[in-house]
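One letter stands for each residue in the lines below.
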Amino acid sequence: MIGLREFTLDDVEPHNAGEDDETVRWLTEGVASTPESTARWIERCRRVHSGAEPGEHAFAVEVDGRLAGMVALNPEPVEGSGPGDVNVSYAVHPWARGSGIATQAVRRAAEIAEVRGLGTTLLVRVDPRNKPSLAVVSRIGARYEGELTCADGSRLSIFRAPLCNIAQGGPTKGNGP
Ligand SMILES: CC(C)(COP(=O)(O)OP(=O)(O)OC[C@H]1O[C@@H](n2cnc3c(N)ncnc32)[C@H](O)[C@@H]1OP(=O)(O)O)[C@@H](O)C(=O)NCCC(=O)NCCS
């Protein structure tokens, strides 16, 4: 059973300890987190949650009280997004992978996005070489909508799913690229 909650500064050390090469490669654009950068990120997340500033609504993912990853909802415009899109990103610590935690966390986050009125559609942007992430996208039932070439030349596959479908459980299989 997983739980989602807001990050606190107590999470800095376990958050960074759970960041491996896969997370740095696929999520943090090749830049490893430091205690300072994670603390700054958590402080920013807390301002977003309180409504003080716009940005990414990030949640700590807990399993049996232990920090196991993160899931973040970004309703702000990102490359490839459109009206109503809420871009989701996620990572699970290596020890917690392979048991459905990411899939559950994205489903739970979609419910929160609906409750908070962040948008209507979950947008997932995945490097087509990131097979574990493509599998998550498939499990939540998001639909493949094409490829995006970013300003830095990288390519991302674009998937979307209506938030209400995910929150209700949604299909277990999506359309792959
Ligand atoms: C992407 C990432 C979060 C996927 O994690 P994951 O553990 O593979 O995904 P899930 O939590 O959904 O678990 C799926 C696995 O659990 C199994 N599973 C067990 N119970 C399950 C359940 N109830 N529901 C779904 N899957 C379940 C699935 O069969 C699957 O097993 P497999 O890997 O042997 O096929 C992880 O690889 C990661 O953190 N990568 C680095 C960061 C990253 O790439 N982020 C995404 C950027 S777009």
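What you see is a predicted model, and the numbers here were worked out from it, not measured in a lab. (Residues numbered from 1 in each chain as written. Predicted model: local features only at pLDDT ≥ 70, side-chain atom pairs only at ≥ 80, totals over all residues. Heavy atoms only, no water.)

Visitor: Explain the site of the ligand to me, and be specific about the residues and the numbers.
Guide: Close to the ligand lie 20 residues, the nearest being Tyr90, Gly98, Ile101, Ala102 and Thr103. Tyr90 places a polar main-chain atom, nitrogen or oxygen, 2.7 Å from a nitrogen atom of the ligand. Contact between the ligand and Ala102: an oxygen atom at 2.6 Å from a main-chain N or O atom of the residue. Within the complex, 69% of the 940 Å² of free accessible area of the ligand lies under protein. Counting only elements with at least two residues in the shell around the ligand, the list comes to helix 2 (21-26), strand 4 (85-92), helix 4 (101-116) and helix 5 (131-140). Top element by residues in the shell around the ligand is helix 5. It accounts for four residues. In the shell around the ligand, the residues fall into nine nonpolar, seven polar and four charged. (Near = heavy atom within 4 Å. Polar contact = N/O pair within 3.5 Å; in protein donor to acceptor, adjacent residues only side chain to side chain. Areas by Shrake-Rupley, 256 points an atom, 1.4 Å probe, with all protein chains shown as cover. Helix = DSSP H or I, 4+ residues; strand = E, 2+ residues; numbered from the N terminus. Nonpolar A, V, L, I, M, F, W, Y, C, P; charged D, E, K, R; others polar.)

Visitor: Give me the lowdown on the nonpolar core, citing residues and values where you can.
Guide: Across soluble globular proteins, you tend to see nonpolar side chains buried next to one another. Counting residues in hydrophobic clusters, the biggest one holds 34 residues, and the most contacted among them are Leu4, Val71, Leu73, Tyr90, Leu122 and Val124. Tallying contributions element by element places helix 4 first for this core, with eight residues. Leave out the neighbours within four places in its chain, and Val71 touches Leu4, His57, Ala58, Phe59, Val61, Val88, Ser89, Tyr90, Ala105, Val106 and Ala109. Of all hydrophobic cores here, the second largest spans 11 residues; its members include Phe7, Cys45, Ala72 and Ala91. (Core = buried A, V, L, I, M, F, W, Y, C linked by side-chain atoms within 4.5 Å. Buried < 20%, exposed > 50% of the residue type's maximum accessible area, 1.4 Å probe, protein only. Contact = heavy atoms within 4.5 Å.)

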